[in-house]
Amino acid sequence: MSVGDVAGLIAAIAFVLLVGFLAVPLLKLGRVLDETRASVRQITEHSVPILDEAATTVASTNGQLAKVDVITTSAAQVSENVSALTGLYAATIGRPLVKVAAFSYGVRKAFARASGRGSGGAA
């Protein structure tokens, strides 16, 4: 064996060691990428039902909001009807009652004055 052969053998062994040394991190990186792929797959599998459930919930909520809108509209109409009825009541019954009350007050005052004058003039 010559010096060149020994140098070549040492270089080949060094190259094998270098390749072996670099292969370990590459193998670990490959495992990490496999785990990442599996994790992404699991997240996707679990996310799709959640998104479907959220879409169903949003659709149901929109339906309920439409019902609430109908109820709110009906309540507003009832409020308007009550307001109109109150105005009608005030116009038809309230004003005459106020007039009757004012008239009865005037009559009582007149009787009170007449009673006061009659008793004051007789004494």
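Cut-off values and rules
- Residues numbered from 1 in each chain as written.
- Predicted model: local features only at pLDDT ≥ 70, side-chain atom pairs only at ≥ 80, totals over all residues.
- Heavy atoms only, no water.
- Helix = DSSP H or I, 4+ residues; strand = E, 2+ residues; numbered from the N terminus.
- Rg over C-alpha atoms; globule rule 2.2 N^0.38 Å.
- Buried < 20%, exposed > 50% of the residue type's maximum accessible area, 1.4 Å probe, protein only.
- Areas by Shrake-Rupley, 256 points an atom, 1.4 Å probe, with all protein chains shown as cover.
- UniProt positions renumbered as here; feature names shortened; annotations may be inferred.
- Patch = residues over 30% accessible without salt bridge, like charges linked within 9 Å, V, L, I, M, F, W, Y side chains within 5 Å.
- Salt bridge = Lys/Arg side-chain N within 4 Å of Asp/Glu carboxyl O.

Peer 1: An account of the overall build of the protein chain is requested, with residue identities and associated values reported.
Peer 2: Check the secondary structure of the protein chain and you find one helix and zero strands. By the compact-globule yardstick of 14 Å for 123 residues, the protein chain is too spread out, its C-alpha radius of gyration being 50 Å. With 123 residues in all, the protein chain has 0% of them scored as buried. Accessible area for the protein chain stands at about 10600 Å²; split by element, carbon and sulfur atoms hold 71% of it.

Peer 1: Explain the UniProt feature "transmembrane region" (unreviewed entry) in the protein chain to me, using residue names and the numbers behind them.
Peer 2: Mapped onto this structure's residue numbering, the UniProt feature "transmembrane region" (unreviewed entry) falls at residues 6-27. Helix makes up 100% of residues 6-27 and strand 0%, and the two end C-alpha atoms of the span are 31 Å apart.

Peer 1: Run through the environment of H46, naming residues and quoting values.
Peer 2: Relative to the elements of secondary structure, H46 occurs in helix α1 (residues 3-122). With 35 residues separating them in the primary sequence, H46 and A11 have C-alpha atoms 53 Å apart.

Peer 1: Got a sec to walk through a nonpolar patch on the surface? Specific residues and values, please.
Peer 2: Residues M1, V6, L9, I10, I13 and L17 make up a contiguous nonpolar surface patch of roughly 650 Å² in combined accessible area. In this structure, M1 sits in the segment before α1. Judged by relative accessible area, which is 82%, M1 ranks as exposed.

Peer 1: Could you give me a rundown of the pattern of salt bridges, with the residues and numbers involved?
Peer 2: The tally for this structure, following the rule as stated, stands at one salt bridge. A salt bridge links R37 to D34; its shortest N-O distance comes to 3.4 Å. One end of the pair is R37 and the other is D34, both in helix α1 and three residues apart, which spans about a single turn. Among the residues examined, D34 registers a relative accessible area of 42% and is labelled partly exposed.

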